[in-house]
Amino acid sequence: MRTQVGIVGAGPAGLLLSHLLHLRGIDSVVLEARGRAQIESTIRAGVLEQGTADLLTEAGVGARMKTEGAVHHGIELAFEGKRRRIDLTELTGHSITVYAQHEVLKDLVAARIAANGALLFDVSDTSLHDVDTGTPSIRFQHAGESHELQCDYVIGCDGSQGVSRAAIPQALRRDYERVFPFGWFGILVEAPPSSHELIYARHERGFALISTRSPNVQRMYFQCDPHDTVEHWSDDRIWAELHARVDSSEGEHVVEGRIFQKNIVGMRSFVSTTMQYGRLFLAGDAAHIVPPTGAKGLNLAVADVRVLTRALEAFYREGRTDLLEGYSATALKRVWRAEHFSYWMTRMLHRLDDASPFEQQLQIAELEHVTTSRAASTALAENYVGAVAV
Ligand code: DHB
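None of the values given here were measured: they were computed from a predicted structure.

Some thoughts on helix α12 (residues 374–385)
For the α-helix, the turn length of 3.6 residues means that residues three or four positions removed from each other point alike.
(1) Moving on: End to end, α12 covers 16 Å across 12 residues, agreeing with the expected 16 Å (1.5 Å per residue, within 8%).
(2) Moving on: Burial in α12 covers these residues: Ala376, Ser377, Thr378, Leu380, Ala381, Asn383, Tyr384 and Val385.
(3) Moving on: For α12, the N-terminal cap is Ser373; the gap from its side-chain oxygen to the backbone nitrogen of Ala375 is 3.3 Å.
(4) Moving on: Of the residues one or two after α12, Gly386 is the one with positive phi, at around 85 degrees.

So, in structure tokens, the structure goes:
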């Protein structure tokens, strides 16, 4: 088996890369350890930066996003019983689209299949070979048989637990990590929206976020102990917590409904450098993780893929390798920008158990500043919509 670009992982990074390469006449094969039904139902965040939404549209996979997603022009920050709006569009000229990540995945899978793209699910025992030579290969098992895929380049899009990152020798790598001592409890609810925009709330009891999926389905989160289990949380207890953290003193309140999904996610920041070794390049979660505050994970994966597509296109069209050589350095600028933003939003909005009363007052002072100073609101808004120079 031979292809030009071997891609490990059919998440947003792997599928989008395969699709963008196809549009440029470059062949790829995507190998995925999980099944199609599993990747299409895994619940993740739902905020697309305008650049992400525009790229999906340009690539011809934005039709359902356009009809089922919702364009938002602002977000709300809730603290001290009040709500303050950040007008993203007025401050930056950009908007965001609220459309769930697994819906993006369904659209990408459908596009790859419609184009007869090579996309293998339920692959096991994947290993990378000779990535530091001109003839790299990927070995794997599929449908009970062993295969070897020879390629020009190998792209590791297999997430933080995948095999790709480990193929870069430890001696050449430096990892940076920060684990947060809290998680997010997430629910999906059958209810009308509580607000027409997302609400990020800071409360002494902890952070909460009100997001949306459709006119009938809402997504909500609240800060919890990462070691807690969903069985400890009855619906009544969840609603009491959300009301306490999000309801405003002016009478705005969270709208309850039937909870049909509950999960707990851990929170960490992680960056692995370098993102390339020989003919292996990492993209998305394989190289970096952000805490969910601000929903940068998918957007960052898309940003990596954009840089990589341009570099691979320059190689196949013009024989240039300079963009490939500069990939890691180019991608890491945006990665660190997003890492800082996600960390900053996380620290500003969460209950930090090691924070003194003094530091808690600083959180409030920062929220006051960010919601009253045009300069400070603009900085938040530029980062949130992804329209930030790096
Ligand atoms: C969602 C998730 C986020 O992490 C965020 O910052 C905003 C929205 C969501 O799942 O809708």
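Focus: unusual backbone geometry
(1) Moving on: Backbone torsion omega between Thr273 and Thr274 reads -5 degrees, so that peptide bond is classified as cis.
(2) Moving on: Here Thr274 lies in the loop between β17 (258–273) and β18 (276–277).
(3) Moving on: Unusually for a residue other than glycine, Asp130 sits at a positive phi of about 55 degrees.
(4) Moving on: As for its placement among the helices and strands, Asp130 is situated in the loop between β9 (124–129) and β10 (137–142).
(5) Moving on: Classification of Asp130 by relative accessible area gives partly exposed; the value is 43%.

Some remarks on the sheet that holds strand β3 (residues 47–49)
(1) Moving on: Reading across from one edge, β3-β7-β4 is the order of the 3 strands in this open sheet, with antiparallel pairing throughout. Strands at the two margins of the open sheet, each flanked by one partner only, are β3 and β4 (70–72). Averaged over all adjacent pairs, the angle separating strand axes in this sheet is 30 degrees, with direction ignored.
(2) Moving on: By the bridge criterion, 3 bridges tie β4 to strand β7 (residues 96–98) in an arrangement that is antiparallel.

Analysis parameters
- Residues numbered from 1 in each chain as written.
- Predicted model: local features only at pLDDT ≥ 70, side-chain atom pairs only at ≥ 80, totals over all residues.
- Heavy atoms only, no water.
- Helix = DSSP H or I, 4+ residues; strand = E, 2+ residues; numbered from the N terminus.
- Expected span 1.5 Å × (residues − 1).
- Buried < 20%, exposed > 50% of the residue type's maximum accessible area, 1.4 Å probe, protein only.
- Polar contact = N/O pair within 3.5 Å; in protein donor to acceptor, adjacent residues only side chain to side chain.
- Pairing = 2+ DSSP bridges.
- Axes fitted to C-alpha atoms, helices over the stretch in contact; angles between N-to-C directions.

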